[in-house]
Amino acid sequence: MQGRRGTRTGPDLRGVQGAIAQAFAESTPGGVRPGELDRGGRTLRWVEAGQGGAAPVVLIAGSGTSSLTWTPVLPELARHGRVVAYDRAGTGASEPNRGASRAEAPTLDGQLDDLAALVRHLDAGPAVLVGHSWGGQLAQLLAWQRPELVAGLVLVDPAHEEFQPQAIRVAENVLNRLWLLRSALATPSAGPADPLARAGAAVVAHQHQRWTVLAENRLTAVTTPELRRRRSASRLPAVPVAVLSATEGLPRVLRSRWTALQSRIASGATRGTHILVGGAGHAVHADRPRAVIAAVLEVSDHARYLRNG
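Residues numbered from 1 in each chain as written. Predicted model: local features only at pLDDT ≥ 70, side-chain atom pairs only at ≥ 80, totals over all residues. Heavy atoms only, no water.

Turning to the overall build of the protein, a few remarks are in order. Summing up its helical and strand segments, the protein has 11 helices and 8 strands in all. In the protein, which comprises 309 residues, the proportion classed as buried is 56%. Contacts in the protein between residues at least 24 apart in sequence constitute 76% of all its contacts with a sequence separation of at least 6. By element, 53% of the accessible surface of the protein is carried by carbon and sulfur atoms, the whole surface being about 13,000 Å². (Helix = DSSP H or I, 4+ residues; strand = E, 2+ residues; numbered from the N terminus. Buried < 20%, exposed > 50% of the residue type's maximum accessible area, 1.4 Å probe, protein only. Contact = heavy atoms within 4.5 Å. Areas by Shrake-Rupley, 256 points an atom, 1.4 Å probe, with all protein chains shown as cover.)

As structure tokens, this is what we get:
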């Protein structure tokens, strides 16, 4: 059974990883390198680029989205040091969690364990975690529970358990639809498609990808009580923290509430900064990539200073 499952999903998802790598390589100096890690019989995959830097930068996508969402920022970050864009279980090129006969829903601790295992596997000390939306909550959770793995945080319009989960899911579903629309351009009748479109088509071709989108959206809702408990019992480590808030894409009253919660994250950190990004919707890294790049470089520089000082 295990062998048959590996034959069916492994090579195909390696092909997805290759397509993702090609999409990043188009604009990344020095190209990108694929990576993978066995997680108890399933494979966690990523692409990385660049070398050196005070700490590796790990990019964590929002709910239901893959590493492809980081194409606007990874190439420039790679000019300054090592940067990794990974796919959570069941997204992008990473294999889903599997039970005896079918895919299993993701769990909060399972996603955190994968992220911690990735940082340890990089063997470069603590990492700067850059998380978008749900990825921003995962970055905070890891910082609370495993502070020795975290050199700094950049939270890109991070989700918050006290904000209406449905509003976040709607925003991320819109982002998913945009990627699906672009992927639809990769058809034989359209002629040679660009690498990003081909990679997007490769990602959505797998049925478990669509199932994972729904499963992750459910996860963000059902874990609200647990997220509240962990936040109340935890404190971010004394590392540089930048919280970027979008300014567009939601009714003003909802946007104001979400932004206030994000500001509270920054003010609660020992070395926190809150940045309002004008003209950016929820996908700040797509709308205003320079703002995200600048925040990552500043946090990385601050982390280097703290580490050497």
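Still more ground to cover, so stick around.
Moving on: the sheet that holds strand β7 (residues 240-245). Strand order in the open sheet formed by 8 strands is β1-β2-β4-β3-β5-β6-β7-β8, and the pairing between neighbours is mixed. Every other strand in the sheet has two partners, leaving β1 (33-38) and β8 (271-276) as the edge strands with one partner each. Pairwise comparison of adjacent strand axes, ignoring direction, gives a mean angle of 20° for this sheet. Sheet analysis places strand β2 (residues 43-49) next to strand β4 (residues 83-86), joined by 4 bridges and oriented antiparallel. (Pairing = 2+ DSSP bridges. Axes fitted to C-alpha atoms, helices over the stretch in contact; angles between N-to-C directions.)

Another aspect to go through is the pattern of salt bridges. According to the stated counting rule, one finds 16 salt bridges in the structure shown. Across the pair R255 and D157 runs a salt bridge whose closest N-O atoms are separated by 2.8 Å. Here D157 lies in the loop between β6 (150-156) and α5 (165-183) and R255 lies in helix α9 (residues 252-267), a separation of 98 residues in the sequence. Neither residue differs from the other here; R255 and D157 are each classed as buried. Here R229 ties to E226 by a salt bridge, and the two come within 2.7 Å at their closest N and O atoms. (Salt bridge = Lys/Arg side-chain N within 4 Å of Asp/Glu carboxyl O.)

On to the nonpolar core, then. Generally speaking, a soluble globular protein has its nonpolar side chains buried in company with each other. One finds I20, L59, V130 and V154 to be the most contacted residues of the largest nonpolar core, which totals 43 residues. Beyond its immediate stretch of four places on either side in the chain, I20 contacts V47, S67, L68, D87, G92, A93, A199 and V203. One finds I60, L118, W144 and A266 within the second-largest nonpolar core, a separate group that totals 37 residues. (Core = buried A, V, L, I, M, F, W, Y, C linked by side-chain atoms within 4.5 Å.)

On to the packing of aromatic side chains, then. Within this structure, the stated rule accounts for 1 aromatic pair. Consider the rings of F163 and W258, whose centres lie 4.8 Å apart with planes at 15°: the pair is stacked. Within this pair, whereas F163 is found in the loop between β6 and α5, its partner W258 is found in helix α9, the two being separated by 95 residues in sequence. The same class applies to F163 and to W258, which are both buried. (Phe/Tyr/Trp six-rings, centres within 6.5 Å; stacked < 30°, edge-to-face > 60°.)

All buried positions along helix α8 (residues 224-232) are accounted for by T224, L227 and R230. What you see down the axis of α8 is that its buried residues fit within an arc of 125°, all on one side. Turned more than 90 degrees off the buried face of α8, the exposed positions are P225 and S232. (Arc of directions from axis to C-beta.)

In β4, alternate side chains face the same way, and those of V83 and A85 on one face and V84 and Y86 on the other are all buried. Where strand β3 (residues 57-60) lies against β4, 3 bridges are found, and the strand directions are parallel. Looking across to β4, one finds that V57 is bridged to V83.

Although it is not a glycine, S133 adopts a positive phi angle of roughly 55°. Note on placement: S133 falls in the loop between β5 (127-132) and α4 (134-145). Owing to a relative accessible area of 0%, S133 belongs among the buried residues under this scheme. Backbone geometry places D157, a non-glycine residue, at a positive phi of 45°.

Let us look at the environment of D38. One can find D38 in strand β1. Sequence spacing of D38 and A117 is 79 residues, and the spatial spacing of their C-alpha atoms is 9.8 Å. A distance of 3.4 Å separates a polar atom in the side chain of D38 from the backbone nitrogen of G40. Side-chain polar atoms of D38 contact the backbone nitrogen of G41, separated by 3.3 Å. (Polar contact = N/O pair within 3.5 Å; in protein donor to acceptor, adjacent residues only side chain to side chain.)

As a further point, take the pairing of β8. Inspection of the sheet shows β7 paired to β8 by 6 bridges, in the parallel sense. Among the inter-strand pairings, V243 is bridged to a residue of β8, identified as H274. Each parallel crossover has a hand, and for β7 linked through α9 to β8 it is right-handed. (Right-handed = clockwise from strand over helix to strand, strands pointing away.)

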